[in-house]
Amino acid sequence: MLIEVRIKELPFMSKNVLPPKTQDLHPAFEAGKKPMDQFAKEELVDIEDRLRVATMSLLMRHEFFGIIALKLGRKITTEVPTAAVDGRTIFYNPGFVQALSAKELIFLVAHGVYHCVFSHFLRRGFRDPKLWNYAGDYVINYLLYRDKIGTTIKGVLFDEQFKDMTSEQVYDIMMKEQ
């Protein structure tokens, strides 16, 4: 099971908790549509290097995240539109990564680590996988913003109404608003 970082309109949300227009999204979301065969080998090497630098930056500034990021596998693939994690490996879309700044990349790596730390794969139970992922994203993105870990990527799921909540609490709110 993969937990993906992505943006989707959620029609049941009572207030505008998502970016209302595509121009409010970071260009990386569009860049993530580039097919793998359009990346030169040098570009893929550069992307790997940037991910290593982001991981080392986490290790130096936020040791907890850095140590865990070092233990997780890393795979570059266009099979995910942005990034995803399965508890052992973080999967990165090369176009998405390429379009992010160094600080946004730190945010992305730490985001994947948080999904693992919170055991989102194990805690989902029989919940709707997409809604569960969105709930986790709201919680994680708020924590990264609050703790100033990297730079929040424009267009990720974020709403301060969910501060200090668990993924279960956010999920329950989202289910009630359907």
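Being a predicted model, the structure only gives us computed values, none of them experimental. (Residues numbered from 1 in each chain as written. Predicted model: local features only at pLDDT ≥ 70, side-chain atom pairs only at ≥ 80, totals over all residues. Heavy atoms only, no water.)

## Focus on the overall build of the chain
Now for step 1: The number of helices and strands found in the chain is eight helices and four strands.
Now for step 2: Listing every helix and strand of the chain by position from the N terminus yields β-α-α-α-β-β-β-α-α-α-α-α.
Now for step 3: The long-range fraction of contacts in the chain, counting pairs at least 24 apart against all pairs at least 6 apart in sequence, stands at 67%.
Now for step 4: Only carbon and sulfur atoms are counted for the fraction: they give 54% of the accessible area of the chain, which is about 9200 Å². (Helix = DSSP H or I, 4+ residues; strand = E, 2+ residues; numbered from the N terminus. Contact = heavy atoms within 4.5 Å. Areas by Shrake-Rupley, 256 points an atom, 1.4 Å probe, with all protein chains shown as cover.)

## Points about the side chain of Thr-77
Now for step 1: Structurally, the position occupied by Thr-77 is in the loop between strand 2 (73-76) and strand 3 (83-85).
Now for step 2: Separated by 3.0 Å, the side chain of Thr-77 and the backbone nitrogen of Glu-79 make a polar contact.
Now for step 3: With near-sequence residues (within four places) excluded, Thr-77 lies in contact with Met-36, Phe-91, Tyr-92, Asn-93 and Pro-94. (Polar contact = N/O pair within 3.5 Å; in protein donor to acceptor, adjacent residues only side chain to side chain.)

## Regarding the pattern of salt bridges
Now for step 1: Enumeration over the complete set of coordinates arrives at eight salt bridges.
Now for step 2: For Arg-123, the salt bridge goes to Glu-168, with nearest N and O atoms at 2.5 Å. Pair noted here: Arg-123 is in helix 6 (residues 120-123) and Glu-168 is in helix 8 (residues 167-176), with a separation of 45 residues, a long-range link.
Now for step 3: Between Arg-146 and Asp-147 there is a salt bridge whose closest N-O contact spans 2.8 Å.
Now for step 4: By relative accessible area, which is 39% here, Arg-146 ends up partly exposed.
Now for step 5: Asp-147 gets classed as partly exposed once you look at its relative accessible area, which sits at 32%. (Salt bridge = Lys/Arg side-chain N within 4 Å of Asp/Glu carboxyl O. Buried < 20%, exposed > 50% of the residue type's maximum accessible area, 1.4 Å probe, protein only.)

## Observations regarding unusual backbone geometry
Now for step 1: Although it is not a glycine, Ser-119 sits at a positive phi angle of roughly 50°.
Now for step 2: Relative to the elements of secondary structure, Ser-119 occurs in the loop between helix 5 (102-117) and helix 6.
Now for step 3: Among the residues examined, Ser-119 registers a relative accessible area of 26% and is labelled partly exposed.
Now for step 4: Non-glycine residue Lys-148 carries a positive phi angle of around 55°.
Now for step 5: Its place among the elements puts Lys-148 in the loop between helix 7 (129-146) and helix 8.

## Some remarks on the pairing of strand 4 (residues 89-92)
Now for step 1: A two-sided burial pattern is seen for strand 4, the buried positions comprising Thr-89 and Phe-91 on one face and Ile-90 and Tyr-92 on the other.
Now for step 2: Where strand 2 lies against strand 4, four bridges are found, and the strand directions are parallel. Paired with Arg-74 across the bridge in strand 4 is Ile-90.
Now for step 3: Linking strand 3 to strand 4, which pair antiparallel, is a turn of three residues; within it Gly-87 sits at a positive phi near 100°. (Pairing = 2+ DSSP bridges.)

## Section: the environment of Leu-51
Now for step 1: Here Leu-51 lies in helix 2 (residues 41-61).
Now for step 2: Aside from chain neighbours lying at most four places away, what touches Leu-51 is Arg-74, Ile-76, Tyr-92, Val-97, Leu-105 and Val-109.

## Comments concerning the packing of helix 2 against helix 5
Now for step 1: Closest axis-to-axis distance for the helix 2/helix 5 pair is 9 Å, and the angle between their directions is 75°. Looking at the two axes, helix 2 sits roughly perpendicular to helix 5. Packed against helix 2, whose contacting residues are Arg-50, Leu-51, Ala-54, Thr-55, Ser-57, Leu-58 and Arg-61, the element helix 5 presents Ala-102, Leu-105, Ile-106, Val-109 and Ala-110 at the interface.
Now for step 2: Of the residues contributing to the contact of helix 2 with helix 5, the split by class is eight nonpolar, two polar and two charged. (Axes fitted to C-alpha atoms, helices over the stretch in contact; angles between N-to-C directions. Parallel < 35°, antiparallel > 145°, perpendicular 65-115°, else oblique. Nonpolar A, V, L, I, M, F, W, Y, C, P; charged D, E, K, R; others polar.)

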